[in-house]
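Residue strings, one per chain:
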Number of protein chains: 2
Amino acid sequence: MFAERGYAATTIDEICAAVPTSKRTFFRYFADKEALVFPNRRGRLARFQELLAAVRPDQSPFDVFRTVTSLFAAEYTENREQLLAQQRLIAQSPELLAREREIDSDWEREIAASFVRRMPPGESGPWLADVLAGAVMGTVRATMRHWYADDGQADLESLGLEAIDYLERGFVFSRQEPDA
Amino acid sequence: MFAERGYAATTIDEICAAVPTSKRTFFRYFADKEALVFPNRRGRLARFQELLAAVRPDQSPFDVFRTVTSLFAAEYTENREQLLAQQRLIAQSPELLAREREIDSDWEREIAASFVRRMPPGESGPWLADVLAGAVMGTVRATMRHWYADDGQADLESLGLEAIDYLERGFVFSRQEPDA
DNA sequence: GTACAAATGCCACTGAGTGGCATTTCAGTT
DNA sequence: AACTGAAATGCCACTCAGTGGCATTTGTAC
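Note that the coordinates shown come from a computational prediction; the quantities given were computed from them, not determined experimentally. (Residues numbered from 1 in each chain as written. Chains lettered and ligands numbered in written order. Predicted model: local features only at pLDDT ≥ 70, side-chain atom pairs only at ≥ 80, totals over all residues. Heavy atoms only, no water.)

Quick word on the protein's contact with DNA strand C
Put simply, the rule is: It suffices for a single heavy atom of a residue to lie within 4 Å of a molecule or strand for the residue to be listed as near it. Counting of polar contacts relies on pairs of N or O atoms within 3.5 Å, with two restrictions inside protein: one atom must be capable of donating a hydrogen and the other of accepting it, and residues adjacent in sequence are counted only when both atoms are side-chain atoms. Helix and strand assignments follow DSSP, with helices taken as H or I runs no shorter than four residues and strands as E runs no shorter than two, numbered in order from the N terminus.
Taken together, 14 residues surround DNA strand C, and among them Thr 21, Arg 24, Thr 25, Arg 28 and Tyr 29 of chain B come closest. Atoms of DNA strand C within 4 Å of the protein belong to the sugar or the phosphate in 47% of instances, the rest to bases. One of the side-chain nitrogen or oxygen atoms of Thr 21 of chain B is found 2.6 Å away from a phosphate oxygen of DNA strand C. Here a phosphate oxygen of DNA strand C and a side-chain polar atom of Thr 25 of chain B are 2.6 Å apart. For the surface near DNA strand C, the secondary structure elements donating two or more residues are helix H3 (23-29) of chain A together with helix H3 (23-29) of chain B. The leading source of residues in the surface near DNA strand C is H3 of chain B, at four residues.

Right under this line is the structure:
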């Protein structure tokens, strides 16, 4: 229904009439309208947590994220069409975009928690882990944007791994030469 | 009123009664309730655009951001109390947190636009600029979180510049030695 | 003082989300 | 099959954010 009429144009009353069920029952199963677009949010986050925890503890944050990137790249490539449809829906509504960022923020917290365990102990450990997690999530978001903008044609794993390399080794690139 | 009763607990009707004005007039001046907490959003973004545009075009993205960081660090330190109060307000409401992320997202777009002009021309230019902008905004957000968590005691400029150094040179740090 | 435009107020409305309570459904028991 | 307690569902009324339409006020130029 969202795909046909648009997210905002579809009221919860209409959805309930179509199921059919009562609005009251709807809100017992979904926290709000947005939850329809991001199903099983808790479960996905929990699984992400487990994935992070499963990586060997002596692996660096970057190795952790390379592992996770390859895993998710495969999964997202598998479900490409579904994800593209979801993204088309999200793109048309500021609320949904906001909710997507909120979810990313949850994931970023998990990344930071995973990183802090792998940091050298010391004063700046938590701070550094947090900054790195922020940078990682930033690159992931940018990468996903490009993949979506490209209709999922690009190789997601390559993009992700390249972005991680930039973070690990620094963003070095030839400076723009004036008049060269 | 938000500070006294909390954001969610203060209705627009109450605000209008206090001013006093009508609810209809309120919505002619503010797009929504959240706009009260983030005043002059357009103006701030426009000023940020100008700051980015004012930096010499041969400066690298990192130099751009060092300049901007120093500027904002000074300004934020100046208005420390006000910012802390605003942050306390934002922290209590998911809606406001979402709005803050939305604003950050706008700023990230501007950063990316500024970076892409300073990138070496070529295929991966826009993609790299976007990824870097994402990483930058990620570190900025993490940095601000730490500054807020620290009640604005830390030296914001040092934190910001340090984070930029990490991005430019790569996140290198001694690996955790097992049993060393 | 008149005329015109902009700002404001008023009213009714939609749509998301909640609280309270009655009713149904369903499982286990005898 | 009838009974019982709990969970699921439905129904109704409500709050609050936000919008549309229209009348009224305010201010300003002449």
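What to know about the nonpolar core
Just so we agree on the cut-off: Put simply, buried Ala, Val, Leu, Ile, Met, Phe, Trp, Tyr and Cys residues joined by side-chain atoms within 4.5 Å make one nonpolar core. With a 1.4 Å probe rolled over the protein chains alone, any residue whose accessible area is under 20% of its type maximum counts as buried; one over 50% counts as exposed, and the rest are partly exposed. Whether two residues touch is decided by their heavy atoms; if any such pair falls within 4.5 Å, the residues are in contact.
Ranked by size, the top nonpolar core spans 86 residues in total, and within it Leu 167 and Phe 171 of chain A together with Leu 167 and Phe 171 of chain B carry the most contacts. The element contributing the most residues to this core is helix H8 (residues 125-149) of chain A, with 13 residues. Excluding its chain neighbours within four sequence positions, the residues that come into contact with Leu 167 of chain B are Ala 135, Leu 167, Gly 170 and Phe 171 of chain A together with Phe 62, Ala 135, Val 136 and Thr 139 of chain B. If you look at the next biggest cluster of nonpolar residues, it comprises seven residues, including Leu 83, Met 144, Trp 147 and Leu 156 of chain B.

Looking at the protein's contact with DNA strand D
Neighbouring residues of DNA strand D: 14 residues in total, closest Thr 21, Arg 24, Thr 25, Arg 28 and Tyr 29 of chain A. Taking all atoms of DNA strand D within 4 Å of the protein, the share assigned to sugar and phosphate is 47%. Within the side chain of Thr 21 of chain A, one N or O atom sits 2.7 Å away from a phosphate oxygen of DNA strand D. Side-chain polar atom of Arg 24 of chain B to a base oxygen of DNA strand D: 2.9 Å apart, as the coordinates give it. Taken together, the elements giving at least two residues each to the surface near DNA strand D come down to H3 of chain A together with H3 of chain B. With four residues, the single largest contributor to the surface near DNA strand D is H3 of chain A.

Brief notes about the environment of Glu 110 of chain B
All names here are of chain B. Along the polypeptide, Glu 110 turns up in helix H7 (residues 94-117). Looking at Glu 110, the relative accessible area reads 18%, which means it is buried. Sequence-wise, Glu 110 and Pro 126 are 16 residues apart; in three dimensions their C-alpha atoms are separated by 13 Å. Here Glu 110 is in contact with Leu 45, Phe 48, Gln 49 and Leu 52, once residues within four sequence places are set aside.

Considering the relation of the copies chain A and chain B
Inclusion rule: A residue counts toward the fit only if its pLDDT is at least 70 in both copies, and the copies are then superposed by least squares on the C-alpha atoms of those residues.
Expressed as a screw operation, the relation of chain A to chain B combines 0.0 Å of axial shift with a rotation of 180 degrees, fitting to an RMSD of 0.0 Å. Look at the turn and shift together and you get a two-fold axis relating the two. A share of 100% of the interface residues of chain A reappears at the interface of chain B, consistent with the copies meeting face to face through the same patch.

Points about the interface of chain A and chain B
Put simply, the rule is: Put simply, buried area is how much 1.4 Å-probe accessible surface two parts lose in total, over both of them, once they are put together. By definition, a salt bridge exists where a carboxyl oxygen of Asp or Glu is found within 4 Å of a side-chain nitrogen of Lys or Arg. Each residue is assigned to one of three groups, with Ala, Val, Leu, Ile, Met, Phe, Trp, Tyr, Cys and Pro labelled nonpolar, Asp, Glu, Lys and Arg labelled charged, and all others, Gly among them, labelled polar.
Taken together, the contacts link 41 residues of chain A with 42 residues of chain B. The junction of chain A with chain B conceals about 3600 Å² of combined surface from both sides, 62% of it contributed by carbon and sulfur atoms. Here chain A and chain B share four salt bridges between them. A salt bridge links Asp 130 of chain B to Arg 145 of chain A; the shortest N-O distance between them is 3.8 Å. Seen at the junction of chain A and chain B, the total is eight residue pairs in polar contact (both at pLDDT 80 or more). Here the side of chain A that touches chain B gets 14 residues from one element, more than from any other, and that element is H8 of chain A. Across the side of chain A that touches chain B, the residue classes break down as 18 nonpolar, eleven polar and twelve charged.

Description of the domain arrangement of chain A
Residues and elements named next belong to chain A. Rules: Residue ranges assigned to each domain were obtained from an automatic or database domain assignment.
Domain boundaries in chain A define domain 1 (1-36) and domain 2 (37-169). If you average the C-alpha positions of domain 1 and of domain 2, the two centres end up 29 Å apart. The interface of domain 1 with domain 2 comprises eight residues on the first partner and nine residues on the second. Of the roughly 740 Å² buried between domain 1 and domain 2, counting both surfaces, carbon and sulfur atoms make up 51%. On inspection of domain 1 and its partner domain 2, the count reaches two salt bridges. In this structure, Asp 32 engages Arg 99 in a salt bridge whose closest nitrogen and oxygen atoms are separated by 3.0 Å. Viewed at the interface, domain 2 and domain 1 are joined by seven residue pairs in polar contact (both at pLDDT 80 or more).

Observations concerning the environment of Ser 70 of chain B
All names here are of chain B. In this structure, Ser 70 sits in helix H5 (residues 61-78). Residues Ser 70 and Leu 156, 86 residues apart in the sequence, show an inter-C-alpha distance of 8.6 Å. If we skip the residues at most four places from it in the chain, Ser 70 touches Glu 157 and Leu 161.

Points about the packing of H8 of chain A against helix H9 (residues 156-169) of chain A
All names here are of chain A. As a reminder, the rule being used: Lines fitted to C-alpha atoms define the axes, with helix axes restricted to the stretch in contact, and inter-axis angles between N-to-C directions lie between 0 and 180 degrees. Roughly parallel here means an angle under 35 degrees, roughly antiparallel means over 145, roughly perpendicular means 65 to 115, and every remaining angle is called oblique. For a crossing to be left-handed, the near helix must be turned anticlockwise from the far one by less than a right angle; the clockwise case is right-handed.
Direction vectors running N to C along H8 and H9 enclose 150 degrees, while the axes themselves pass 10 Å from each other. Classified by the angle between their axes, H8 and H9 sit roughly antiparallel to one another. For the pair H8 and H9, the sense of crossing is right-handed. In this structure, H8 uses Ala 135, Val 136, Thr 139, Thr 143, Met 144 and Trp 147 to contact H9, whose residues at the interface are Leu 156, Leu 159, Gly 160, Ala 163 and Leu 167. Partitioned by chemical class, the residues of the contact of H8 with H9 number eight nonpolar, three polar and no charged.

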